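Here is what each chain is made of, one letter per residue.
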Amino acid sequence: GGLHVASWSVLPQGSGLGSSSILAGVIMKAILGAYGLDMDDVSLIHAVQNVEQMLTTGGGWQDQVGAIIGGAKITRSAPRLPLHVVPERLPLTEDFARELGSRLVLVFTGRPRLAKHLLQNVIRQWFSRLPEICETVRGLVSNAEDA
C-alpha cells in the first residue's frame, strides 16, 4: 500500500522563482485528487507554507500564492506568527495584461539565491530596524497598496 511520488524540476536550485513552493502545491493537489479529495485555495496555500517550514527551506511564505491563484493579486498578512496570508485577486483588463506581458522579461543570472539565507538576512536586518530595510519595506507596501 501507500503512494510513491517522484518529482523533478529543470529550474536551478536557488533560481528565486519559488519552485519548491509551487511544486509542493502541485504535489499536494495531485495527492488529494488521487484520493478523491479537494482543498480550497487558501487552505492549500497554508498547507504548502507548513510543508516548506517543516523542510526548513526558508521558503513558502508567499511563493505558492502565484501558482495556486492565477492572475494579478495582492497578498497581505498581519505582523504576527503563525503567518496567515490573505490573497486578494485584482482586476486586470486584457489590454493591460497583454501590455504588461509584452514588457516583462525573466533573467536568470546563474547566481543561486536560496530563500533560507536571503530571508534570514532580511529578518535579522528588520529586527535590527536598519533604516534602509525599514524604508524599503514601507516602500514595497506603499507601492503594492497604491497600484
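*Asks:* Provide a residue-level description of the overall build of the chain, including the pertinent values.
*Replies:* Helix and strand content of the chain: six helices and two strands. In the chain, the order of α-helices and β-strands from amino to carboxyl end is α-α-α-β-β-α-α-α. Projected onto the principal axes, the alpha-carbon positions of the chain cover approximately 55 × 40 × 35 Å. For the chain, with 147 residues in total, the buried portion stands at 18%. Within the chain, contacts between residues at least 6 apart in sequence are counted, and of these 44% link residues at least 24 apart. Total accessible area on the chain stands at roughly 10,900 Å², and carbon and sulfur atoms take up 61% of it. Taken together, the 13 basic and 13 acidic charged side chains of the chain have centroids lying 7 Å from each other.

*Asks:* Could you give an account of the pattern of salt bridges, naming the residues involved and the relevant values?
*Replies:* Under the definition given, this model contains six salt bridges. The salt bridge involving Asp38 is made with Lys29; its shortest N-O contact spans 2.8 Å. Overall, Lys29 belongs to the partly exposed group, its relative accessible area being 32%. As a salt-bridge pair, Arg138 and Glu135 come within 3.3 Å of each other at their nearest N and O atoms. Placement of both Arg138 and Glu135 in helix H6 (residues 131-146) is noted, with a separation of three residues, approximately one turn of the helix. Here the salt bridges do not stand alone but share partners, grouping Arg76, Glu88 and Glu145 into one network.

*Asks:* Any details on the nonpolar core? Residues and values, ideally.
*Replies:* Core analysis: the largest hydrophobic core is formed by nine residues, namely Ala24, Leu44, Ile45, Val48, Val65, Ile68, Ile69, Leu83 and Val85. Elements that contribute at least two residues to this core include exactly helix H2 (41-54) and helix H3 (63-68). Sort the elements by how many residues they give to this core and H2 lands first, with three residues.

About the cut-offs
- Residues numbered from 1 in each chain as written.
- Predicted model: local features only at pLDDT ≥ 70, side-chain atom pairs only at ≥ 80, totals over all residues.
- Heavy atoms only, no water.
- Helix = DSSP H or I, 4+ residues; strand = E, 2+ residues; numbered from the N terminus.
- Buried < 20%, exposed > 50% of the residue type's maximum accessible area, 1.4 Å probe, protein only.
- Contact = heavy atoms within 4.5 Å.
- Areas by Shrake-Rupley, 256 points an atom, 1.4 Å probe, with all protein chains shown as cover.
- Lys, Arg positive; Asp, Glu negative; His and termini not counted.
- Charge placed at Lys NZ, Arg CZ, Asp CG, Glu CD.
- Salt bridge = Lys/Arg side-chain N within 4 Å of Asp/Glu carboxyl O.
- Core = buried A, V, L, I, M, F, W, Y, C linked by side-chain atoms within 4.5 Å.

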